[in-house]
Protein chains: 6
Amino acid sequence: MLYVSRKEHFNAAHKLYNPSLSKERNVELFGPCANENWHGHNFDLIVTVKGNPDPETGFVVDLKKLSTLIRAEVIDKIDHKNLNMDVDFMRGKLASCENLIVEIWRILNEHLPTITAHGKLHSLRLYETPRNYVEYYGE
Amino acid sequence: MLYVSRKEHFNAAHKLYNPSLSKERNVELFGPCANENWHGHNFDLIVTVKGNPDPETGFVVDLKKLSTLIRAEVIDKIDHKNLNMDVDFMRGKLASCENLIVEIWRILNEHLPTITAHGKLHSLRLYETPRNYVEYYGE
Amino acid sequence: MLYVSRKEHFNAAHKLYNPSLSKERNVELFGPCANENWHGHNFDLIVTVKGNPDPETGFVVDLKKLSTLIRAEVIDKIDHKNLNMDVDFMRGKLASCENLIVEIWRILNEHLPTITAHGKLHSLRLYETPRNYVEYYGE
Amino acid sequence: MLYVSRKEHFNAAHKLYNPSLSKERNVELFGPCANENWHGHNFDLIVTVKGNPDPETGFVVDLKKLSTLIRAEVIDKIDHKNLNMDVDFMRGKLASCENLIVEIWRILNEHLPTITAHGKLHSLRLYETPRNYVEYYGE
Amino acid sequence: MLYVSRKEHFNAAHKLYNPSLSKERNVELFGPCANENWHGHNFDLIVTVKGNPDPETGFVVDLKKLSTLIRAEVIDKIDHKNLNMDVDFMRGKLASCENLIVEIWRILNEHLPTITAHGKLHSLRLYETPRNYVEYYGE
Amino acid sequence: MLYVSRKEHFNAAHKLYNPSLSKERNVELFGPCANENWHGHNFDLIVTVKGNPDPETGFVVDLKKLSTLIRAEVIDKIDHKNLNMDVDFMRGKLASCENLIVEIWRILNEHLPTITAHGKLHSLRLYETPRNYVEYYGE
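Because the structure is a prediction, the values reported are computed rather than measured. (Residues numbered from 1 in each chain as written. Chains lettered and ligands numbered in written order. Predicted model: local features only at pLDDT ≥ 70, side-chain atom pairs only at ≥ 80, totals over all residues. Heavy atoms only, no water.)

## Structural notes on the interface of chain D and chain E
Part 1: Listed as interface residues are 20 residues of chain D and, on the opposing side, 20 residues of chain E.
Part 2: Buried surface at the junction of chain D and chain E, both sides included, amounts to about 1,600 Å², of which 51% is carbon and sulfur.
Part 3: For the interface between chain D and chain E, the tally reads zero salt bridges.
Part 4: Taken together, the links from chain D to chain E amount to 15 residue pairs in polar contact (both at pLDDT 80 or more).
Part 5: Among the elements of the structure, β1 (2-14), β2 (39-51), β3 (81-82) and β4 (119-129) of chain D are those that each provide at least two residues to the side of chain D that touches chain E.
Part 6: Top contributing element to the side of chain D that touches chain E by residue count: β2(D), with four residues.
Part 7: Here the residues of the side of chain D that touches chain E are counted per class, giving seven nonpolar, 10 polar and three charged. (Contact = heavy atoms within 4.5 Å. Buried area = accessible area lost by both parts, 1.4 Å probe. Salt bridge = Lys/Arg side-chain N within 4 Å of Asp/Glu carboxyl O. Polar contact = N/O pair within 3.5 Å; in protein donor to acceptor, adjacent residues only side chain to side chain. Helix = DSSP H or I, 4+ residues; strand = E, 2+ residues; numbered from the N terminus. Nonpolar A, V, L, I, M, F, W, Y, C, P; charged D, E, K, R; others polar.)

## Here's the deal with the relation of the copies chain D and chain E
Part 1: Overlaying chain D on chain E yields an RMSD of 0.0 Å, the required transformation being a rotation through 180 degrees with an accompanying axial translation of 0.0 Å. One copy is carried onto the other by what is essentially a two-fold rotation axis.
Part 2: Of the residues that chain D buries at the interface, 100% are likewise interface residues in chain E, meaning the two copies contact each other through the same surface. (Least-squares fit on C-alpha atoms with pLDDT ≥ 70 in both.)

## Some points on helix α2 (residues 63-78) of chain D
Part 1: With 16 residues, α2(D) should reach 22 Å at 1.5 Å per residue; the first-to-last C-alpha distance of 21 Å fits that figure.
Part 2: At Arg71(D), α2(D) shows its strongest bend, of approximately 45 degrees.
Part 3: Among all positions of α2(D), only Leu63(D), Leu66(D), Ser67(D), Leu69(D), Ile70(D), Glu73(D), Val74(D), Ile75(D) and Ile78(D) are buried.
Part 4: Turning to α2(D), the residues buried within the fold contact β5 (132-136) of chain C together with β1, β2, β3 and α3 (97-111) of chain D.
Part 5: The N-capping residue of α2(D), defined by a side-chain oxygen 2.8 Å from the backbone nitrogen of Lys64(D), is Asp62(D).
Part 6: Following α2(D) by one or two positions, His80(D) adopts a phi angle in the positive range, close to 55 degrees. (Expected span 1.5 Å × (residues − 1). Bend = angle between axes of the 7 residues up to and from the residue. Buried < 20%, exposed > 50% of the residue type's maximum accessible area, 1.4 Å probe, protein only.)

## So, the environment of Lys93(D)
Residue and element names in this part refer to chain D.
Part 1: Residue position: Lys93 is located in the loop between β3 and α3.
Part 2: Along the primary structure Lys93 and Tyr17 are separated by 76 residues, whereas in three dimensions their C-alpha atoms are 9.6 Å apart.
Part 3: Ignoring any residue separated from it by four or fewer positions in sequence, one finds Lys93 in contact with Asn99 and Glu103.

## Things to note about the pairing of strand β4 (residues 119-129) of chain C
All names here are of chain C.
Part 1: Taken across its 11 residues, β4 has 10 buried, putting it largely inside the fold.
Part 2: Sheet analysis places β4 next to β5, joined by five bridges and oriented antiparallel. Opposite Tyr127, over in β5, you have Tyr133 as the bridge partner. (Pairing = 2+ DSSP bridges.)

## Notes on the environment of Thr57(C)
Part 1: Assignment of secondary structure puts Thr57(C) in the loop between β2 (39-51) and α2 (63-78).
Part 2: Beyond its immediate stretch of four places on either side in the chain, Thr57(C) contacts Leu29(A), Phe30(A) and Leu94(A).
Part 3: Reaching out from Thr57(C), the side chain makes a polar contact with the backbone nitrogen of Phe59(C) at a distance of 3.1 Å.

## Observations concerning the packing of aromatic side chains
Residues and elements named next belong to chain B.
Part 1: Under the defined criterion, the tally for this structure stands at 33 aromatic pairs over all chains.
Part 2: With centroids separated by 5.5 Å and ring planes inclined at 75 degrees, the aromatic side chains of Trp105 and Tyr136 adopt a geometry described as edge-to-face. Here Trp105, found in helix α3 (residues 97-111), pairs with Tyr136, found in strand β5 (residues 132-136); they are 31 residues apart in sequence, far enough to count as distant.
Part 3: Overall, Trp105 belongs to the buried group, its relative accessible area being 9%. (Phe/Tyr/Trp six-rings, centres within 6.5 Å; stacked < 30°, edge-to-face > 60°.)

## Side note on the interface of chain E and chain B
Where interface size is given, it is often the accessible area lost as the parts come together that is meant.
Part 1: Each partner contributes to the interface: chain E provides 19 residues, whereas chain B provides 22 residues.
Part 2: The largest share of the area that chain E buries against chain B comes from Leu2(E), Tyr3(E) and Glu56(E), three residues that together contribute 31% of it.
Part 3: Summed over the shared surface of chain E and chain B, the number is two salt bridges.
Part 4: The shortest N-O distance in the salt bridge between Arg25(B) and Glu56(E) comes to 3.0 Å.
Part 5: Secondary structure elements with two or more residues in the side of chain E that touches chain B: β1 (2-14) and α2 (63-78) of chain E.
Part 6: Examining the composition of the side of chain E that touches chain B, we find that eight residues originate from one element, β1(E), more than from any other.
Part 7: In the side of chain E that touches chain B, the residues fall into eight nonpolar, four polar and seven charged.
Part 8: Here β5(B) runs beside β1(E); their pairing, made up of five bridges, is antiparallel. Along β1(E), the bridge assignment pairs Tyr133(B) with Ser5(E).

## Looking at the pairing of strand β4 (residues 119-129) of chain B
Residues and elements named next belong to chain B.
Part 1: Where strand β2 (residues 39-51) lies against β4, eight bridges are found, and the strand directions are antiparallel. Considered in β4, the bridge of Lys50 is made with Lys120.
Part 2: Linkage of β4 to β5, two consecutive antiparallel strands, is achieved through a turn of two residues.

## Let's talk about the relation of the copies chain E and chain B
Part 1: For the match of chain E to chain B, the screw axis carries a shift of 0.0 Å, the RMSD comes to 0.0 Å, and the turn is 120 degrees. Here the transformation between the copies is reduced to the relation of a three-fold axis. Judged by C-alpha distance, Pro130(E) is the residue of chain E that lies nearest the rotation axis, at 8.4 Å.

## Points about the arrangement of the chains
Part 1: The two units chain B and chain C are non-contacting; their minimal C-alpha-C-alpha distance is 14 Å.
Part 2: No part of chain A reaches chain E; the closest C-alpha pair between them is 14 Å apart.

## Observations regarding helix α3 (residues 97-111) of chain E
Part 1: For α3(E), with 15 residues, the first-to-last C-alpha span of 21 Å sits near the 21 Å given by 1.5 Å per residue.
Part 2: The set of residues buried in α3(E) consists of Cys97(E), Glu98(E), Leu100(E), Ile101(E), Glu103(E), Ile104(E), Trp105(E), Ile107(E) and Leu108(E).
Part 3: Contacts from the buried residues of α3(E) go to β1, β2 (39-51), α2, β4 (119-129) and β5 (132-136) of chain E together with β1 (2-14) of chain F.

## Considerations on unusual backbone geometry
Trans peptide bonds make up the majority, and among non-glycine residues the majority have a negative phi.
Part 1: Positive phi, close to 70 degrees, is recorded for Trp38(D), a residue that is not glycine.
Part 2: As for its placement among the helices and strands, Trp38(D) is situated in the loop between α1 (23-30) and β2.
Part 3: Judged by relative accessible area, which is 11%, Trp38(D) ranks as buried.
Part 4: Non-glycine residue His80(F) carries a positive phi angle of around 55 degrees.
Part 5: Structurally, the position occupied by His80(F) is in the loop between α2 (63-78) and β3 (81-82).

## Thoughts on the pattern of salt bridges
Part 1: Tallying each qualifying case throughout the model produces 66 salt bridges over all chains.
Part 2: With a closest N to O distance of 3.5 Å, Lys77(B) and Glu73(B) form a salt bridge. Note that Lys77(B) and Glu73(B) are positioned in helix α2 (residues 63-78) at a spacing of four residues, about one turn of the helix.
Part 3: Between Arg131(C) and Glu8(D) there is a salt bridge whose closest N-O contact spans 3.1 Å. Placement of the pair is Arg131(C) in the loop between β4 and β5 and Glu8(D) in strand β1, with the two residues belonging to separate chains.

## Focus: the side chain of Arg125(A)
All names here are of chain A.
Part 1: Relative to the helices and strands, Arg125 is located in strand β4 (residues 119-129).
Part 2: Within polar-contact distance, the side chain of Arg125 engages the side chain of Tyr127 at 2.9 Å.
Part 3: A polar contact of 2.8 Å, which involves the side chain of Arg125, links it to the side chain of Glu135.

Laid out in structure tokens, this is it:
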């Protein structure tokens, strides 16, 4: 069993703001992250796939195909976007890394079988800054 | 003559959008960076001060004081902000790194004498992403 | 279940020296790390908390509160300090990363409930240099 | 139980080319990585050993000895080499990271008992580029 | 006057080998870098352009156009290639970073006017490894 | 004219303490950096040599020889040492980066002719932390 990983990045605006709460409560909960006019980040996303290598290629998954899949299904929908306003799969959700990573898992997990018969999605790691990140293993 | 540098960072939203041009022309010029609802970055700012050390301290400038100055006069005004909407000194200007770095120079150059008698502002480097950055030497 | 992580750093002096052994044996075991007059490092500490997000905030733990806690309970006691001489919770222990990380776990694990009802301490990673690090999962 | 890690690096040439397939099929499978005249990388290898610390030294494994072992048994055989042509333990195998990491595991796992009675090989991580890497846990 | 920079990367094989010298002299001069069957690197290339911003765009040079130009004229000719065997503009030259950077300068300097009327090529920096790099200012 | 650079690193303890001043004045000037029992850093040192390449080797300076020289004349004297107590060339001087870089320049400038007829010392950059560094050009 091998674990292969690919890192992609995207730049996006967001704010942490729960619309069911008052403005005061949002500022209390989220501080400067609740800034009404948004702020933003260079996000890094690491996608890890596990499995046994294909004997013909030595690949668990072709990392070029994995990169293309991540870009088509995830990055193109969030890069240079506003996570609160522009992203279909985040509509109605708090634009936090915790919620974003769960949605990215759902998307990649659905599409991964189109590029590999040997690999399964193992984990995602999403960096909001070099010092803050979140990981998800699908459960 | 020694050159001492301090790196600070901030997270901000912006869009590249020239309001004197049509939406179509903006998209043509700036591509996804013109996204109406903004995007954002983790910016890194490196401030370099040059001079001869103070014999008592060995410092051209005390880097703790330099850090405090940069935070008070620059970072606090742009961190977790929208560069197009929230920043007084960027009002009426295209929110590009090129314009931002010139304004940051103006501010730091004015305040630097309050913390050092020996150092002069030498250069600024502003990273928008790890692969794109701009530098300014004040002229 | 989500895993959220925060990286903090500190600068400290230490030496690897077991006072119950001879100087010769210490040099044999620890080489230049046993240098009588100490050496030092820029340490990086990554703290990972796991749990289910709070529905109101989307947070497993508020990373700002986590950062404040790590600084108050750990960093302030070891930053710009001598790990052999200045740190109460290291007294009588070899000032190795292996011992330090176990003590940091004990402290953070005790204080974490004061800032989150949803998260538990999952792991610590302590970098002594970019090429040497140690991890601990509490058992 | 503690996990200690050491990072080493090496520079090597390789190509992804399965000699039992046609040139066309290789290009189809591996794209530019199949370039007949090779290409190359700065590889990073992270070796993680787990165990309980030795009471005398506080070490699971002496990282200096681990570094020396990795260099003698692995790095010296692949650094500034061609992975397809110059490396005995890769002969007859596709020169992929997936195959390379399994061979490195075999070698280090065999030699680790010569430098530690307390530590066992836990995992390897092999970076081909800062954005592509593979991990192996020995099973 | 502003200085804007863009970082690109490529992976290539090479060896340091002067064909007008004996094999023994090559090994004496270049050590493991002379390995007959090549080795390789992940190279990073930083291109810096200086000039005054265009009033309409705020750009000295559009970094997207600069990236496209670098990729079309330089990266596509050296990425996943053997610098000694596959690269027209390196033929007959020692495949060192020093020679490569001078050739890259010649190419980019010739093509830069096609994408900017305001910017001139200021400098190139070429990393062979994170610890070894060379810079060139065109003279 | 080409500029070639080599990065080396060392780990050392130091304190910023001017013995001609009172303890109170030292704490006032240097804050936690004046901690009586020292603290420490992982320092990075970048050495840049400029010149025209040797036609036989393509080198301004052989970076392996440069690395060996830096280690023999500088790193071996400060790595795993106390900059205030253990280093001959720092005796009687405040153990600041500003003073250290001037001493390193003096040493390397004296020894560089032993390894290159084509290169001259151009600059040094000394990182105390990833966010604080000092540069020196020899005048």
